[in-house]
Every structure is written in structure tokens, then in C-alpha cells.
Amino acid sequence: MTIHIFNPEHDIALASDLSNFTAPHAGRCLRYDMGFLPALWAKEGDVILVDDEDWSLKQWKRVRSRIVSQLGIEAPIVGEKRFLAFGKISKDKELLGSLKSPLQDAEIRPWGWNRALCAQLKRCGIPQVSLPSDQSLHTIRHLSHRRVASEILSKIQVNGIIGESFECFQPNEVEDLLQKYGHIVMKAPWSSSGRGLRFSSLDRTPLSIHMGWLCNLLKSQGSVMVEPFYHKVKDFGMEFYADEKGNVNYLGLSLFQTLNGAYTGNLLATEDKKTELITPYVPVNLLNNIKQQICFLLSELLNGQYVGPLGVDMMIVAQENRDGFFLHPCVEINLRRTMGHVALSLTPSIDDVLRVMRIEYMDNHYKLKIDR
């Protein structure tokens, strides 16, 4: 049995690194409304921990019927999956009994591990033996720092790519990079999608506009990541899984859209179709080369210290005065499950089925939509 948890506030909780953490209102609402999401990849007999059992079951039935009618796939809906509220864990003897010994097969798989989630599970009665140690949590947080993506990026050596990233510890270092590149992006070392980003340019937005934010960030997180601004043509990513033996295995492409850095939706299509859509910009041999290098570099870096799904965000870039397109192979590393993994669990069986998966806020609730 596997116990699944959708905790979309993970990135913010990771940044705070607090046991007693309260997510922003939008994060709490997203977790409540979309708690059923792991049912898309859970197996028969698995448990999904949610805030409200009845609500999650209702939403799961709605989504399940749409999967059948629009995607024509049965795999995600086969088997019985049980929804259980966090508040009822301590009363579930069968569940707790399966978690009290490290020799048992039961495993907890959240969207992402952080101190706040571990503290919540402890309060609900989950034994420490089933949770990551403080050292493991520290390691996951360290590996989730944006400097790791910068280090991986610097090691990818292949023609057709672009991308630089720098870690700065003082405002004057940031100013020097602004003078060099003319237009930069500043990123908080830990932040959630669409948050923790600031843009500065010599001709429009001088660094002084962001100085308060920058100084607070340097004080709270110790540094800031700075990159040249790139003219993005398309977002996409690659999804992976890191196993217990330290191997990082490729799972599939993720073609997604963002607005001001925030996620807006994923394409649901076969791997062949996604490859076909991306190759007008990036040759197949370059994609395969990058895939192999990232698997090798992340296997070497993680070395069994992190086990679970992860994603690498990339983008296609157009350069002024240069023909063709370039690939930025490592914009960000998400050491957690991503919406790209969710999309992979909904892969159609035939190439001519194309759908868009998105999360929409309507009628005071977040809902999963699958559209043509």
C-alpha cells in the first residue's frame, strides 16, 4: 500500500523551512479542492490523504468520467482507491499498523517532502519511522536550491544550447550583472511557480526599484540567483524518476504553458506527438543528448539522497542577430512531483488525440479541466 498526498504549497513551505507553517489562502484552497489528484496515478488499494473525504470523492468521480469520455483511457481509473481525511488517520488502526515497522511495504509519497508536512503527519499519528529524518529533509531542501540548477546547467556541454546563471550575495554583484547584460532576471533560491521573480533592465526598470525586495531576500535566504533575460519562444520540460539505487530515469516530455512565470496548463498527447511538436525548434538528436546528460548528471548529484519524481524545466529561446532557435536545457529543477507528471498519467493511447489539462478557479473552487 502507498499513501499519497497532494501538498501544492510545498515550494513555499520549503522556502520557510518551518515545522509550524501556514500556507497562503490560495495554497490551502488548492490543496483542499484538488486533494483527489493522486488518484490519477495511485494503484489499487492505495490511500489518498485529503482534507475532506466527501468533497474529494465527488471531484474524483467528476474527473474520472471526463477522462473516459475525452481521452479514452482506462488505466488511471482502474482499481479501488481510498480517500481518508488527515483528521482520521489516528483512528485508522489498519493504516497506522502498516506504518509502524520499516519492514512493512507501506510508503508515504507526497507531492514534495518538507518540514511542515512531516510535522502535520506526526500530529496526525504517523510514526517517525515512516517519515524522512531531519537530515533527509535538510538534504532535500539543499538540493532544491536554485544553485543546483545553475551547477547542472554549467556542466551541460553540447552545441545548440544557451543559458547562464549566477549566485549573488551582495546587491553590487547583481548591479554588475545588470550592467553586463542590460536585462536580467532575479530569482529567489526557493520559491513557488511564478513567485520570487523580479525583472530589471537598464532602460526601463533599474535595480533600485527592487532594492527592498532584494535586500530582504538576501537577508532571509542568503543569496539571489541572477540570469540574463532570454527571449522565450516556448516552455517545456522533461520528467524523471530517481530510484533507490541512485539512478535517474527519463519518463517523458512535458509541454506546458505559463503566464508571468505561473503554470497555466499542460498538453496531453503521446510522447511521439509531443516530440513532433517540439522538433521544429529542437532537433531530436539534441533532445536525446540533453536527456542522457541530465540523467547522468542528476544520478551523480542525487546518488540516492532523493528518491521520487522530479522535473527539469527548459525553454526554447530566440536570439537577436542570430538565426534559428536555441535550447536552454535547465531553467529550473523541481525536486518533487510536477504537473508534467500528472499529464504523463493521462497520456492518450493514440497520436491524434490532443487535449489540454489545466486548473481553473471558478465558483470559488479550483477544478481540473480537460479541454480540446
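Coordinates for the structure precede this section.
Residues numbered from 1 in each chain as written. Predicted model: local features only at pLDDT ≥ 70, side-chain atom pairs only at ≥ 80, totals over all residues. Heavy atoms only, no water.

Caption draft 1: Geometry of the pattern of salt bridges. For the coordinates displayed, the defined rule picks out 16 salt bridges. A salt bridge links Asp 11 to Arg 336, with the nearest nitrogen and oxygen atoms 3.1 Å apart. In this pair, Asp 11 is assigned in helix 1 (residues 10-16) and Arg 336 in the loop between strand 14 (325-334) and helix 12 (339-344), connecting sequence segments 325 residues apart. In this structure Arg 336 comes out as buried when scored by relative accessible area, which is 11%. (Salt bridge = Lys/Arg side-chain N within 4 Å of Asp/Glu carboxyl O. Helix = DSSP H or I, 4+ residues; strand = E, 2+ residues; numbered from the N terminus. Buried < 20%, exposed > 50% of the residue type's maximum accessible area, 1.4 Å probe, protein only.)

Caption draft 2: Spotlight on the state of the cysteines. All told, the structure shown has 0 disulfides when counted by the stated rule. Cys 215 supplies the cysteine sulfur nearest to Cys 168, a cysteine that is in no disulfide, at a spacing of 13 Å. (Disulfide = S-S within 2.5 Å.)

Caption draft 3: Up close: helix 10 (residues 271-278). Within the span of helix 10, buried status applies to Lys 273, Lys 274, Thr 275 and Ile 278. Buried positions along helix 10 lie against strand 9 (231-242), strand 10 (248-254), strand 12 (262-268), helix 11 (284-302), strand 13 (308-318) and helix 12. (Contact = heavy atoms within 4.5 Å.)

Caption draft 4: Quick peek at the packing of aromatic side chains. Counting across every chain of the model gives 8 aromatic pairs. Relative to Phe 325, the ring of Tyr 281 has its centre 5.2 Å away and its plane inclined at 70 degrees; by these criteria the two rings are edge-to-face. Residue Tyr 281 is located in the loop between helix 10 and helix 11, and its partner Phe 325 is located in strand 14; the two are separated by 44 residues in the primary sequence. On the basis of relative accessible area, Tyr 281 is assigned to the partly exposed category, the value being 26%. On the basis of relative accessibility, which here comes to 38%, the residue Phe 325 falls in the partly exposed class. Taken together, Phe 6, Trp 41 and Trp 111 form an aromatic cluster joined through their ring pairs. The cationic tip of Lys 291 hangs over the ring face of Tyr 250; the distance from NZ or CZ to the ring centre is 4.3 Å. (Phe/Tyr/Trp six-rings, centres within 6.5 Å; stacked < 30°, edge-to-face > 60°. Lys NZ or Arg CZ within 6 Å of the ring centre and 35° of its normal.)

In short, the description is geometric, and any link to function would need to be established separately.
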